[in-house]
Amino acid sequence: GGRGYTKPQPWPKDWHEIATIKVQPIPMGLTDQHLVEAFAPYGDIESAVVKPGSSEKHQPVEEGGPTDGLGLFNLPFATTYEELHALLAGHPGFQLVKMVYRKSGEFGGYAFAYFDSVENASAAKEALLGLMLGDQTMDVKFSKKSSAEALAEETAAAAAV
């Protein structure tokens, strides 16, 4: 047995002399100097480089105009469908919640909720924005897709099975 398993190797004694550390994502506005100051307590810093564009990918998701769909972000990975459905079912006009999963099958930390009208989605957005789930603050944005588009995809996916 044990094929394909490699025993973890201990860090070399001089690891701190040769380490390259990649920090990602980085907050907007972070400079090389900020990195030097942050890592200085751990030893001499030969160089610190903030690559152009390294924080741009991680800017907040651009919000679409009001739709009857909401994106629910920054959800704890342990969140279940039942918990989300129960949370949303109390809001007028709630129709459907779609949780987004990674290829590994783990919950990706965000979901989409769809309502019967833009007005009901807007009311739910106001009520849910900033809600604490576990130790995380939920972020809520209007979805780029409407409930009609999401339901059409759901129906097409079910028909393909």
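Before going into details, it helps to say that this report is about the structure given with it. (Residues numbered from 1 in each chain as written. Predicted model: local features only at pLDDT ≥ 70, side-chain atom pairs only at ≥ 80, totals over all residues. Heavy atoms only, no water.)

1. Remarks on helix α4 (residues 118-128)
So, step 1. For α4, the complete set of buried residues consists of Ala121, Ala124, Lys125 and Leu128. Looking straight down α4, one finds that the buried residues subtend no more than 105 degrees of arc, so they occupy a single side. Across from the buried face of α4, at angles greater than 90 degrees, the exposed residues are Glu119 and Glu126.
So, step 2. Next to the buried residues of α4 lie β1 (69-73), α3 (81-89), β3 (107-115) and β6 (139-142).
So, step 3. A positive backbone phi angle near 85 degrees is found at Gly130, which sits one or two residues after α4. (Buried < 20%, exposed > 50% of the residue type's maximum accessible area, 1.4 Å probe, protein only. Helix = DSSP H or I, 4+ residues; strand = E, 2+ residues; numbered from the N terminus. Arc of directions from axis to C-beta. Contact = heavy atoms within 4.5 Å.)

2. Quick word on the pattern of salt bridges
So, step 1. The final tally for this structure, using the stated rule, is one salt bridge.
So, step 2. Lys141 is paired through a salt bridge with Asp139; the nearest N and O atoms lie 3.3 Å apart.
So, step 3. Since its relative accessible area comes to 28%, Asp139 is described here as partly exposed. (Salt bridge = Lys/Arg side-chain N within 4 Å of Asp/Glu carboxyl O.)

3. Considering the pairing of β3
So, step 1. Burial runs high along β3: seven of the nine residues are buried.
So, step 2. Sheet topology places β1 next to β3; four bridges connect them, and they run antiparallel. Within β3, the residue paired with Gly69 across the bridge is Tyr114.
So, step 3. Pairing analysis gives six bridges linking strand β2 (residues 94-101) to β3, with the strands arranged antiparallel. Across the sheet, Tyr101 pairs through a bridge with Phe107, a residue of β3.
So, step 4. Counting the residues between successive antiparallel strands, the hairpin from β2 to β3 contains five residues, one of them, Gly105, with a positive phi of roughly 95 degrees. (Pairing = 2+ DSSP bridges.)

4. Re the side chain of Lys141
So, step 1. With respect to the helices and strands, Lys141 occurs in strand β6.
So, step 2. Separated by 3.3 Å, the side chains of Lys141 and Asp139 make a polar contact. (Polar contact = N/O pair within 3.5 Å; in protein donor to acceptor, adjacent residues only side chain to side chain.)

5. Quick word on the environment of Glu83
So, step 1. With respect to the secondary-structure elements, Glu83 resides in helix α3.
So, step 2. According to the relative accessible area criterion, Glu83 is partly exposed, its value standing at 46%.
So, step 3. A distance of 2.8 Å separates a polar atom in the side chain of Glu83 from the backbone nitrogen of Thr80.

6. Things to note about the packing of aromatic side chains
So, step 1. The final tally for this structure, using the stated rule, is five aromatic pairs.
So, step 2. Plain terms: the ring middles of Phe94 and Phe115 are 5.9 Å apart, the flat faces sit at 65 degrees to each other, and that makes the pair edge-to-face. Of this pair, Phe94 sits in strand β2 while Phe115 sits in strand β3, and the two are 21 residues apart along the sequence. By the burial criterion, Phe94 is buried, and Phe115 matches it.
So, step 3. Each ring, one from Tyr110 and one from Phe112, has its centre 6.0 Å from the other, and the planes form 85 degrees; the classification is edge-to-face.
So, step 4. Under the relative-accessibility criterion, Phe112 is labelled partly exposed at 21%. (Phe/Tyr/Trp six-rings, centres within 6.5 Å; stacked < 30°, edge-to-face > 60°.)

7. A few points about unusual backbone geometry
So, step 1. Of note in the backbone geometry, Asn74 takes a positive phi value of approximately 65 degrees without being a glycine.
So, step 2. Residue placement: Asn74 occurs in the loop between β1 and α3.

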